[in-house]
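# Chain and residue survey
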Amino acid sequence: MKLSIVLSTQPTHFQAVSLSGSLENNLKKIADWGYQGVELAIRDPNLLDAVALHRLVQSYGLEVPAIGTGQAWNEEGLSFTDPIPDVRSAAVKRIQSHIPLAAQFNAVIIIGLVRGIIKPGVDQALAMAWLTEALQQCCRAARFAGVRLALEPINRYETTLINSVEQGLELVKAVGEDNFGLLLDTFHMNIEETSIEESIQQCGKHIYHFHAADSNRAYPGAGHLDFRSILQSLNTAGYRGFVSGEFMPKPEADTAAKMSIATLQPILKSISESL
């Protein structure tokens, strides 16, 4: 397993973005701190120079394991489950617009809050039908580019759709596309799962990406989660991808980023040496 951290490429109101601001300065710092990858949070890829972005990331020797899309919900209100058909359609098109960049980086496209919430007047079954259909459309478009999509179970206080690993796995089955899986996040799992480790084992091969934040959504090591146990369970489940820091930038962003890698890197090293 390798370590990455979330970096926003565009201004955002979302608070749990680990780093934001100057793209080049942050990429340099991420590489200097010892991270091997950077997870890019991108609201609209059409507003970026994809060639220049790819060149810049490569110049610092970093990989891009995943692309976050939640800012389309936070900044624009786009979602797969909005009662307005044009909004749902725009959300699907936005996710599909990430496919070329994701293919260029060999990155997973994250489906976070762009899945939406159940709005007044919409029942659970209808929202799930819209969500399933939208995911199928996106997965089928992404398949031709060799791109995978990962939906993140998010706690009940942020969305009313897919809160737990069990619900996520049911959705994976309903969507029925072999390039669709889950992103697990320790902060959300601490709220929703009886056992983080058991849920990781339950998810197994369907884990496409992994987020690390502590129980208080601060950097790993600032709360009460047992990351040695969690990462060992992730390893046992056969996951060999990136563990990506997505946490509040407190006490401030650089300190949090450095404290996170200081906590996680020795654990991953000891797991690797035990193989």
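Description of the structure in this document.

Definitions and limits used
Residues numbered from 1 in each chain as written. Predicted model: local features only at pLDDT ≥ 70, side-chain atom pairs only at ≥ 80, totals over all residues. Heavy atoms only, no water. Helix = DSSP H or I, 4+ residues; strand = E, 2+ residues; numbered from the N terminus. Rg over C-alpha atoms; globule rule 2.2 N^0.38 Å. Buried < 20%, exposed > 50% of the residue type's maximum accessible area, 1.4 Å probe, protein only. Contact = heavy atoms within 4.5 Å. Areas by Shrake-Rupley, 256 points an atom, 1.4 Å probe, with all protein chains shown as cover. Lys, Arg positive; Asp, Glu negative; His and termini not counted. Charge placed at Lys NZ, Arg CZ, Asp CG, Glu CD. Arc of directions from axis to C-beta. Core = buried A, V, L, I, M, F, W, Y, C linked by side-chain atoms within 4.5 Å. Pairing = 2+ DSSP bridges. Axes fitted to C-alpha atoms, helices over the stretch in contact; angles between N-to-C directions.

## Digging into the overall build of the protein chain
Across its full length, the protein chain holds eleven helices and eight strands. The C-alpha radius of gyration of the protein chain comes to 17 Å, within 12% of the 19 Å expected for a compact globule of 275 residues. Structurally, the protein chain occupies a C-alpha span of about 50 × 45 × 35 Å along its principal axes. For the protein chain, the proportion of its 275 residues judged to be buried stands at 56%. The long-range fraction of contacts in the protein chain, counting pairs at least 24 apart against all pairs at least 6 apart in sequence, stands at 78%. Carbon and sulfur atoms provide 50% of the accessible area of the protein chain, an area that totals close to 11,500 Å². Charged side chains in the protein chain number 22 positive and 29 negative. The centres of these two groups are separated by 4 Å.

## Examining helix 9 (residues 196–203)
When helix 9 is considered as a whole, its buried residues turn out to be Ile 196, Ser 199, Ile 200 and Cys 203. Summarising the axial view, the buried residues of helix 9 lie within an arc of 105°, below the 170-degree limit, and thus occupy one face. Looking at the buried side of helix 9, the elements it contacts are helix 7 (165–175), strand 6 (180–185), helix 8 (186–192), strand 7 (207–212) and helix 10 (227–236). One or two steps after helix 9, the chain reaches Gly 204, where phi turns positive at roughly 50°.

## A short note on the nonpolar core
In terms of nonpolar packing, the biggest core is built from 75 residues, with Phe 80 and Ile 200 touching the most fellow members. Looking at which element gives the most residues to this core, the answer is helix 11 (residues 253–274), with seven residues. Apart from the residues within four sequence positions on either side, Phe 80 is in contact with Arg 88, Ala 91, Val 92, Ile 95, Ile 111, Val 114, Arg 115, Trp 130, Leu 131, Ala 134, Leu 135 and Cys 138. Within the second largest apolar cluster, six residues are counted, among which are Ala 66, Val 108, Ala 150 and Leu 183.

## Thoughts on the sheet that holds strand 4 (residues 108–111)
Taken in spatial order, the eight strands line up as 1-2-3-4-5-6-7-8 and close into a barrel, and their pairing is parallel. When strand polarity is set aside, the average angle formed by the axes of neighbouring strands in this sheet is 30°. Here three bridges tie strand 4 to strand 5 (residues 149–151), and the two strands are oriented parallel to one another. Within strand 5, the residue paired with Ile 110 across the bridge is Ala 150. Against the sheet, helix 7 contacts strand 5 and strand 6, and its axis sits at roughly 165° relative to strand 6.

## Description of the environment of Ala 50
In this fold, Ala 50 is placed in helix 2 (residues 50–59). The exposure class assigned to Ala 50 is partly exposed, which follows from its relative accessible area of 28%. Each C-alpha atom of the pair Ala 50 and Gln 104 lies 8.9 Å from the other, and the pair is 54 residues apart in sequence. Setting aside residues up to four positions removed in sequence, Ala 50 forms contacts with Leu 101 and Gln 104.

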